[in-house]
Amino acid sequence: MPQYIRLIDLDKVPENSNLSVKKDGMDILVCRMEKEEVYAVENQCSHALSPLEGGRMKSHYLFCPLHGVKFSLQNGCPSGKLTKKNIRTFPVKIKNGSIIISYEP
């Protein structure tokens, strides 16, 4: 059964940026586009297993800072030839000014 956990206050993640949050043994990358448009993905590239934090974001995509692999923030699907393996995504809600995600342990 999915659980909901609070990650961080929304105002701690500036618009058009991403921030790694460690929670319950997981490294989750919170990606905030504009206003309350927020995504959460596992902070690990499925190609080189390197952190995705600091990667450029554009039009609902996140680019790996190491090799430029492009991942959809909506479903984790990669584009290009370096990997065919998705990254894990988490459903996100904003509640009382906090970013909350759903996950299955």
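As a reminder, the structure under discussion sits directly above these lines.
Keep in mind that what you see is a predicted model, and the values were worked out from it rather than measured.

Novice: Got a minute to help me understand the nonpolar core in this structure?
Specialist: One broad rule of soluble globular proteins: the nonpolar side chains tend to lie buried together. Within the largest apolar cluster, 15 residues are counted, with the highest numbers of intra-cluster contacts made by Leu7, Ile28, Val30, Phe90, Ile99 and Ile101. Where this core is concerned, the elements lending two or more residues are β1 (3-9), β3 (26-32), β4 (38-42) and β11 (98-103). Discounting residues that sit within four places of it in the chain, Leu7 has contacts with Val21, Lys23, Ile28, Val30, Ile99 and Ile101.

Novice: Would you explain the pattern of salt bridges in this entry?
Specialist: In a structure, side chains of opposite charge can pair up when their charged atoms sit close to one another. Under the definition given, this model contains 3 salt bridges. In this structure, the salt-bridge partner of Asp27 is Lys22, at a minimum N-O distance of 3.6 Å.

Novice: Just to check I follow, could you spell out the packing of aromatic side chains for this structure?
Specialist: To describe a pair of aromatic rings, one takes the distance between the centres and the angle between the planes. Applying the stated criterion to the full structure yields 0 aromatic pairs. A cation sits over an aromatic face here: Lys70 above Tyr61, 4.4 Å from the ring centre.

Novice: What exactly am I supposed to notice about the pairing of β4 here?
Specialist: Within a regular strand, the side chains alternate between the two sheet faces. Most of β4 sits inside the fold, with 4 of its 5 residues counted as buried. By the bridge criterion, 5 bridges tie β3 to β4 in an arrangement that is antiparallel. Each bridged residue has a counterpart across the sheet, and for Arg32 the counterpart in β4 is Val38. Here β3 folds back onto β4 in antiparallel fashion, the turn holding 5 residues, of which Lys35 has a positive phi close to 50°.

Rules behind the numbers
Residues numbered from 1 in each chain as written. Predicted model: local features only at pLDDT ≥ 70, side-chain atom pairs only at ≥ 80, totals over all residues. Heavy atoms only, no water. Core = buried A, V, L, I, M, F, W, Y, C linked by side-chain atoms within 4.5 Å. Buried < 20%, exposed > 50% of the residue type's maximum accessible area, 1.4 Å probe, protein only. Helix = DSSP H or I, 4+ residues; strand = E, 2+ residues; numbered from the N terminus. Contact = heavy atoms within 4.5 Å. Salt bridge = Lys/Arg side-chain N within 4 Å of Asp/Glu carboxyl O. Phe/Tyr/Trp six-rings, centres within 6.5 Å; stacked < 30°, edge-to-face > 60°. Lys NZ or Arg CZ within 6 Å of the ring centre and 35° of its normal. Pairing = 2+ DSSP bridges.

It is worth stressing that arrangement in space is one thing and function is another; only the former is reported here.
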